[in-house]
Amino acid sequence: MSNLDYLNSGKVRNDWSLAEIEAIYNQPFNDLLFAAQLIHRQNFNPNEVQTSTLLSIKTGACPEDCAYCPQSGHYNTGLSKEKLMAVQKVIEKAQQAKKNGATRFCMGAAWRSPREKDLDVVIEMVRQVKDLGLETCVTLGMLTDEQAGKLAEAGLDYYNHNLDTSPEYYEQIITTRSYEHRLDTLQNVRDAGINVCSGGIIGMGEKISDRYGLIKQLANMPEHPQSVPINMLVAVPGTPLGEVEKLDEFDFIRMIATARIVMPNSYVRLSAGREDMNEQTQALCYFAGANSIFYGEKLLTTANPEAEADSILFKRLGIQPEQRHHSKEQVEEEAAEIVAKGVAKAAEETTSSKKPLFYDATEVN
Ligand code: SAM
Ligand code: DTB
Ligand code: SF4
C-alpha cells in the first residue's frame, strides 16, 4: 500500500500530521474526490443530506472583534440589533422549520458568553424545541463546564463552537478571545456529553497551510466533532474582511473532501457561502462527502438559498433529506419505552380479566 493509499483509507485517527493533511488535500482532484466518496459510502448513505435551520435569537452588538462577522459591535455593517427573542417567537420559527422539512433547529446568539439569566431562557427554548420533535443546537459563545452541564441536562443535542482557522492565523482574525478559550469550551461541551459541532471558515485571506492547520486541530481532538461545518466566508461590507478576494471554489471542495477523509464518521456541513455557489459546485461538495446543510433562506443575518431551490436541487440529484437522526441511545430508550408500555398494558388487561400475565410452564394441562 502506498503512503497516499494509507492516508486515503478512511482509518479513524487522532494523530494527523500537517504533512499528511497536505498530501491528502493536494492530490489530483479526481483522486481526492474518488477517495472521499469511497469513505463517504462506507460510513453514510451517499444520497442523504441532513438539514438544519438556523435562527439568530440575539442579533448584533457583540463585544468580540471577529474580523469576518457582521454582528461584531466593533464594525459598522448597518445591521439592526435585536435583543434576546421571546421563547414563543422562537417556537413559532421552529414549527415553521419543521413544516419545511428541517430535522435540526440551531439557535445562535451574538454573545461572548451567555449570562446566567439569558442561559435560563435559552434552556427553555431548547426544551420546547425538543418537544416539537426537532433536534436542537445552540451557539452562544464560550461556556463554563457548569453551563455546559445545564444545557446537557435540558437535553441539548449539539453545541456549535468553531475554531474558525489555524492557531497561527487566528490572531489576525480575533483578538478578544484566544484559541485556548475555544478549545476549553469544546472540552466542556464534550465532557457534558453534548455532541460537538465545530469547524471553520475558508476564504479569509489565509495561507493554504492554515487550512491544513484547521483540519489538523479538528481531527486531533480527543474525539472527532460529530458535526464539522465548513463555511466559505460571506464577505460583508463594513467588516475588515468585507473586500477580501473571492476564494477559488475548487479549494472549498478540496477542503470538504479532506475533512471527509480524515474525519470519516463526522457529518461534514456545506455551511455558509452557498448563496454564492452554483448548483454544480454544491453537487461536487456533496460528492466530496458533504452531508449536511443549513436549510432555509437565512443563515444568521445573511442570505442562504431558498428552501424550495434546495428541494429542487435535491430532486435533480436524487438526494433525500435525512430523516431525524436517531442515536443508539435514543433507539434503545424508545425501544425500552415501547416494551414498558406493552408490559403495563398487558398487566392492566390481566388484572381486569384476572388472567396471569405469564403462563406457568410447569402447569400440566
Ligand atoms: N457568538 C457565538 C460565537 O462566535 O461563538 C456564536 C455565533 S457565531 C456567528 C458562529 C460562527 O459563525 C462563527 O464562529 C463563524 O465561524 C461563523 N460566521 C460568522 N460570520 C461569518 C461569515 N461572514 N462568513 C462565514 N461564517 C461566518
Ligand atoms: C456555522 O459554522 N455557520 C453558521 C453557524 N455555524 C452558526 C453561521 C454562519 C453565519 C454567516 C453569517 C451570518 O449570516 O451572519
Ligand atoms: Fe460575536 Fe460570534 Fe460574531 Fe464573533 S462570531 S463577533 S463572537 S457573534
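That block above? That's the structure.
Below, the structure is looked at part by part.

What counts and how
Within each chain, residue numbers correspond to sequence positions counted from 1 in written order. All chains are assigned letters beginning with A, and all ligands numbers beginning with 1, in the order in which they are written. In view of the model being predicted, local features appear only for residues whose pLDDT reaches at least 70, and side-chain atom pairs are presented and counted only at 80 or more, with totals across whole chains, interfaces and linings using the full set of residues. For the side-chain quantities, the full set of heavy atoms in the structure was used; hydrogens and water were omitted. Starting at the N terminus, helices and strands are each numbered in turn, a helix being any DSSP run of H or I of at least four residues and a strand any DSSP run of E of at least two. The buried label applies to any residue whose accessible area, calculated with a 1.4 Å probe on protein chains only, is under 20% of its type's maximum; exposed applies above 50%, and partly exposed to all values in between. Residues count as neighbours in contact if any of their non-hydrogen atoms are within 4.5 Å of one another. A molecule or strand has a residue near it when one of that residue's heavy atoms lies within 4 Å. Residues are called lining when one of their atoms sits within 4 Å of a cavity or pocket point, these points coming from a 1 Å grid over the protein atoms alone, where a cavity is a set in which a 1.4 Å probe fits but cannot get out and a pocket is an open set with protein on both sides within 12 Å along at least five of seven lines. For a molecule to be placed in a cavity or pocket, more than half of its atoms must lie within 2 Å of the grid points of that cavity or pocket. Under this grouping Gly is polar, as are all residues other than the nonpolar Ala, Val, Leu, Ile, Met, Phe, Trp, Tyr, Cys and Pro and the charged Asp, Glu, Lys and Arg. Polar contacts here mean pairs of N or O atoms no more than 3.5 Å apart (in protein, one a potential hydrogen donor and the other a potential acceptor; neighbouring residues in sequence count only if both atoms are side-chain atoms). Grid points are joined across faces, edges and corners, and a volume is the space filled by probe spheres set on the points. Under the pairing criterion, centres of Phe, Tyr and Trp rings, with the six-membered ring standing for Trp, must be within 6.5 Å; the plane angle then separates stacked pairs below 30 degrees from edge-to-face pairs above 60, leaving the rest tilted. For a ring to carry a charge above it, either NZ of a lysine or CZ of an arginine must fall within 6 Å of the ring centroid while also lying within 35 degrees of the normal to the ring plane. Helices are assigned an expected span. That span is 1.5 Å times one less than the residue count. Relevant arc is that of directions from the helix axis to the C-beta atoms, nothing else.

Along the polypeptide, Leu140 turns up in the loop between strand E3 (135-139) and helix H6 (145-153). A relative accessible area of 0% means that Leu140 is categorised as buried. Between the C-alpha atoms of Leu140 and Arg115, which are 25 residues apart in sequence, the distance is 9.9 Å. Among all residues touching Leu140, those that are not within four sequence positions of it are Met107, Ala109, Trp111, Arg112, Ser113, Pro114, Leu119, Val122, Leu151 and Tyr159.

Once that is clear, we can look at the site of ligand 3. All residues in the neighbourhood of ligand 3 are listed as Cys62, Glu64, Cys66, Tyr68, Cys69, Ser72, Ala110, Trp111 and Arg177. More than half of the atoms belonging to ligand 3 lie within 2 Å of the grid points that define the largest cavity. For the shell around ligand 3, a count of residues per class yields 6 nonpolar, 1 polar and 2 charged.

What follows deals with the environment of Ser198. Position of Ser198 relative to the elements: it lies in the loop between strand E5 (195-197) and strand E6 (200-202). Residue Ser198 is classed as buried on the basis of its relative accessible area, which comes to 0%. When neighbours within four sequence positions are excluded, Ser198 is seen to be in contact with His161, Asn162, Leu163, Leu186, Leu218, Met221, Pro225, Ser227, Val228 and Pro229. Polar contacts involving the side chain of Ser198 include one to the main-chain carbonyl oxygen of His161, which spans 2.7 Å.

Attention shifts here to empty space enclosed by the protein. A full pass over the atoms with the stated rule returns 1 cavity of 30 Å³ or more. Counted as a void, the largest cavity has a volume near 860 Å³. Lining the largest cavity are 39 residues, and of these Tyr68, Cys69, Gln71, Asn162 and Leu300 sit closest to its centre. Elements with a minimum of two residues in the lining of the largest cavity: strand E2 (104-109), E3 and strand E7 (227-232). Considering only residue class, the lining of the largest cavity consists of 22 nonpolar, 12 polar and 5 charged.

So, about the packing of aromatic side chains. Overall, the coordinates contain 5 aromatic pairs when judged by the stated rule. Taking the centre distance of 5.5 Å and the plane angle of 70° together, the rings of Tyr25 and Tyr212 count as edge-to-face. With Tyr25 in helix H2 (residues 18-26) and Tyr212 in helix H9 (residues 208-219), this pair connects stretches of sequence that are 187 residues apart. The exposure classification of Tyr25 matches that of Tyr212, with both residues buried. Residues Phe44 and Tyr267 carry aromatic rings whose centres are separated by 4.9 Å and whose planes lie at 70° to one another, so their mutual orientation is edge-to-face. Taken together, the residues Phe44 in the loop between helix H3 (29-43) and strand E1 (48-58) and Tyr267 in strand E8 (residues 267-270) connect sequence positions 223 residues apart. Take Phe44 and Tyr267: they sit in the same class, and that class is buried. Over the face of the ring belonging to Trp16 we find Arg13, whose NZ or CZ atom lies 4.1 Å from the ring centre. Lying over the aromatic face of Tyr158, Arg104 brings its terminal NZ or CZ to 3.8 Å of the ring centre.

Turning to H3, a few remarks are in order. With 15 residues, H3 should reach 21 Å at 1.5 Å per residue; the first-to-last C-alpha distance of 21 Å fits that figure. Looking at the buried residues of H3, the elements they touch are H2, helix H10 (249-262) and helix H11 (279-287).

The subject of this paragraph is helix H5 (residues 116-131). Given a rise of 1.5 Å per residue, 16 residues ought to cover 22 Å, and the 23 Å separating the end C-alpha atoms of H5 matches this to within 8%. What H5 keeps buried is the set Asp118, Leu119, Val122, Ile123, Met125, Val126 and Val129. In a view along the axis of H5, the buried residues occupy a sector of 160°, so they form one face of it. For H5, the exposed residues lying more than 90 degrees away from the buried face are Lys117 and Asp131.

Assignment of secondary structure puts Thr185 in helix H8 (residues 179-191). Contact partners of Thr185, with chain neighbours within four places excluded, come to Gly141, Met142, Leu143, Tyr159 and His161.

There is about 470 Å³ of room inside the second largest pocket. Residue lining of the second largest pocket: 22 residues in total, with Leu54, Leu55, Lys93, Glu297 and Lys298 positioned closest to the centre. Elements that contribute at least two residues to the lining of the second largest pocket include exactly E1 and helix H4 (87-99). At 4 residues, the largest contribution of residues to the lining of the second largest pocket is made by E1. Here the lining of the second largest pocket is composed, by residue class, of 10 nonpolar, 8 polar and 4 charged.

Negative phi is the rule for most residues except glycine; trans is the rule for most peptide bonds. Here the phi dihedral of Ala61 falls at roughly 55°; this positive angle occurs in a residue that is not glycine. Secondary-structure assignment places Ala61 in the loop between E1 and H4. Accessibility expressed as a relative area gives 44% for Ala61, which makes it partly exposed. The backbone of Asp164 shows a phi angle near 75°, a positive value even though the residue is not glycine. The topology assignment puts Asp164 in the loop between strand E4 (158-160) and helix H7 (167-173).

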